[in-house]
Amino acid sequence: MSRYPEETDVVIVGSGPTGATYARIIAETRPGTSVVMLEAGPTVSAPPGAHVKNIADPDERSQAQRRSAGPDADAETVAHPGEVKAGQLRARPGTFLVGDGAAGDGDDGLPVAAQSCNVGGMAAHWTGACPRPREGERVGFLPDLDALLHEAERLLGVTSQAFEDSPFGDLIVSRLAAELDGGRAPEARVGPMPLAVHRREDGALVWAGSDVVLGDVTRADPGFRLVDESLVTRVLVEDGQAAGVEVTDRTSGTTHIIRAAHVVVAADALRTPQLLWASGIRPTALGRYLNDQTQVVFAVRLRDVVDRAGEQSAQAEPGMGLSSTSGVTWVPYTDDEPFHGQIMQLDASPVPVAEDDPVLPGSVVGLGLFCAKDLSPEDRIDFSDERTDAFGLPAPTIRYRLSEKDHRELRRARERIVRWGRAIGEPLDDSPFTLPLGSSLHYQGTTRMGLEDDGSSVCRPDSELWDVPGVFVAGNGVIPTPTACNPTLTSVALAVRGAREIARRLSGDAERGRSQTWARAPLASLTEGGSHDS
Ligand code: FAD
């Protein structure tokens, strides 16, 4: 039996949290709708899409991370910031670098631009920080943005209380607040980071991945099907409208056509434009306005602390990144201070300390500061019509530069992070470290949303392409603003809007009993491909 149906109501390309959002909203609002989710990578966790940090066995966990790392899955990964500081350009566990093409000639590029290839996408490996965008980060033309963000928090299971018992968390907040909160609006003040994480009844932490977004309601829906190891190579367009996809079964090498009037491309901010390009869908803004958040880091050790948590708290969970003794503090973005601060208590010191001076759990703190990019259409990802990548899709080249303004803000960020660090402890680093570009893993703008079809956007406010009705895009690429905060909550919120629009149309179709002519189109005409070779 084929792993693929010949036709379906909705095809979703990619199984990260934004693709999962489409499946969930459709399952909740129109149960029984036939939805096929196609994921290029393997299933590496259970339920499918679960965060690999929830895998208790360290060997199994690292095997899951390796299997997420694409075609060159045995490539070494880097887990320790020390290696980055030593100039090594490697991917983090569960991801793999874009590699060749990550920096066009003469550009800064994004040398450590990375991606994941597994059921659940990058959110099987993420930190789960889910702050709301503020001020200039917000998509100003969406009147329902707050309601959408609220819905995204529900889907991701976001809470600010996950680490409320962590030793010294409140101390960090109060010391930073004393330094920063003067003059800030109440919602811009320092506080615990909203995180997509919850505790089981036995107290163990569970990190949210796409499994949480999908939820039981989607998994139990008879209309929903998730097929892994399925590489979509083309979105099919007929009469200027979505007609389905061409997919290669990576388990057998066979190629299949699935017809659908609604195609959602949620293949991340680098590969969504790639797939559209490969399909001949090439609007002017495709791949442009690419923006990453330049990241500065600095480590300190809290001063004047005593072991309030006692012996038990020293039982960190090895290899789990953040243990139950750790916390994350948030310094929100403001237009005046256009940085997003993520302050993480570390399980172990990143630098050696004296043996007779043991590090109290939670007392070593890594400060990270993300900068909003100065947007330019010239920052972009280009695709080749001649060369292909390891998946056989058009090879990318990233053309990306920091502007004068970016360099100015970066200098300000480096000064700020030292000031924040000194407010809470004694520096462990001599100076702040600017991570190689691409480190944030928050690539945005390449399929951006707009209010008008004026060449500076790719899709409408409901994420449907201006040029091809029925094709929707999802992911951080849709965000039109230069955010500094972690973007997944925002891109899930935007996906909610698009998913509701598809559900609304499907309901309209059902009510009108309209025949779906796309489902009867001959295969030959479907495979002739796209219509927008601008
Ligand atoms: P992804 O999760 O990247 O999923 C896209 C999927 O599409 C992939 O699985 C890919 O294999 C699949 N795909 C691509 N092309 C095709 C194709 N042609 N056919 C079929 N399938 C295809 N974000 C935050 O907001 N907060 C954080 O704290 C945070 N921390 C992070 C820490 C780490 C270590 C990492 C790796 C990421 C982090 N991120 C964080 C980023 C976050 O994970 C992403 O923003 C989020 O996963 C994006 O969701 P998505 O659905 O758009 O894409």
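1. Overview of the sheet that holds strand 11 (residues 241-249)
Next, step 1: Across the sheet, which stays open at both edges, the three strands sit in the order 10-11-12 with antiparallel pairing between neighbours. In this open sheet, the two edge strands, each paired with only one partner strand, are strand 10 (230-238) and strand 12 (255-259). Neighbour-to-neighbour, the strand axes of the sheet open up by a mean angle of 25°, direction not taken into account.
Next, step 2: As paired strands, strand 10 and strand 11 are joined by eight bridges and run antiparallel to one another. Among the inter-strand pairings, Glu238 is bridged to a residue of strand 11, identified as Gln241.

2. A few points about the packing of helix 1 (residues 17-29) against helix 4 (residues 145-156)
Next, step 1: Two numbers describe how helix 1 lies on helix 4: the axes approach to 11 Å, and their chain directions differ by 95°. By the angle class used here, helix 1 and helix 4 are roughly perpendicular. In contact with Pro17, Thr21, Arg24, Ile25 and Glu28 of helix 1, helix 4 contributes Glu151, Arg154, Leu155 and Leu156.
Next, step 2: For the contact of helix 1 with helix 4, the per-class residue count stands at four nonpolar, one polar and four charged.

3. Observations regarding the site of the ligand
Next, step 1: Within the structure, the ligand sits among 35 residues, and Thr18, Glu39, Ala129, Asn476 and Thr488 are positioned closest to it.
Next, step 2: Contact between the ligand and Gly128: an oxygen atom at 3.2 Å from a main-chain N or O atom of the residue.
Next, step 3: Taking His442, its side chain carries an N or O atom lying 3.5 Å from a nitrogen atom of the ligand.
Next, step 4: Isolated, the ligand exposes 1000 Å² of accessible area, and the fraction of that covered by the protein chains is 97%.
Next, step 5: Mapped onto the shell around the ligand, the elements with two or more residues apiece are helix 1, strand 10 and helix 7 (268-278).
Next, step 6: No other element matches strand 10, which puts three residues into the shell around the ligand.

4. Section: the nonpolar core
Next, step 1: In this structure, Tyr22, Leu38, Leu176, Val265 and Tyr443 are the most contacted members of the largest nonpolar core, which totals 110 residues.
Next, step 2: Both domains that meet at this core, namely domain 1 (1-73 + 112-157 + 208-291 + 444-522) and domain 2 (160-207 + 294-371 + 403-436), each give it at least three residues.
Next, step 3: Those residues within four positions of Leu176 in sequence are excluded, and the remaining contacts are Asp181, Val190, Thr329, Val331, Ile343, Trp420 and Ile424.
Next, step 4: Among the nonpolar cores identified, the runner-up in size contains eleven residues, and Ala162, Met193, Val197 and Met344 belong to it.

5. Re the packing of aromatic side chains
Next, step 1: Applying the stated criterion across every chain, the model contains two aromatic pairs.
Next, step 2: Ring centres of Trp277 and Phe383 lie 6.3 Å apart, and the angle between their planes is 40°; on these two criteria the pair is classed as tilted. Of this pair, Trp277 sits in helix 7 while Phe383 is found in strand 18 (residues 380-388), placing the two residues 106 residues apart along the sequence. Neither Trp277 nor Phe383 differs from the other in exposure class; each is buried.
Next, step 3: Just above the ring of Trp277 sits the side chain of Arg282; from NZ or CZ to the centre is 3.6 Å.
Next, step 4: Its guanidinium or amino end placed over the ring of Tyr400, Lys373 lies 5.2 Å from that ring's centre, counting from NZ or CZ.

Parameters at a glance
Residues numbered from 1 in each chain as written. Predicted model: local features only at pLDDT ≥ 70, side-chain atom pairs only at ≥ 80, totals over all residues. Heavy atoms only, no water. Pairing = 2+ DSSP bridges. Helix = DSSP H or I, 4+ residues; strand = E, 2+ residues; numbered from the N terminus. Axes fitted to C-alpha atoms, helices over the stretch in contact; angles between N-to-C directions. Parallel < 35°, antiparallel > 145°, perpendicular 65-115°, else oblique. Contact = heavy atoms within 4.5 Å. Nonpolar A, V, L, I, M, F, W, Y, C, P; charged D, E, K, R; others polar. Near = heavy atom within 4 Å. Polar contact = N/O pair within 3.5 Å; in protein donor to acceptor, adjacent residues only side chain to side chain. Areas by Shrake-Rupley, 256 points an atom, 1.4 Å probe, with all protein chains shown as cover. Core = buried A, V, L, I, M, F, W, Y, C linked by side-chain atoms within 4.5 Å. Buried < 20%, exposed > 50% of the residue type's maximum accessible area, 1.4 Å probe, protein only. Domains from an automatic or database assignment. Phe/Tyr/Trp six-rings, centres within 6.5 Å; stacked < 30°, edge-to-face > 60°. Lys NZ or Arg CZ within 6 Å of the ring centre and 35° of its normal.

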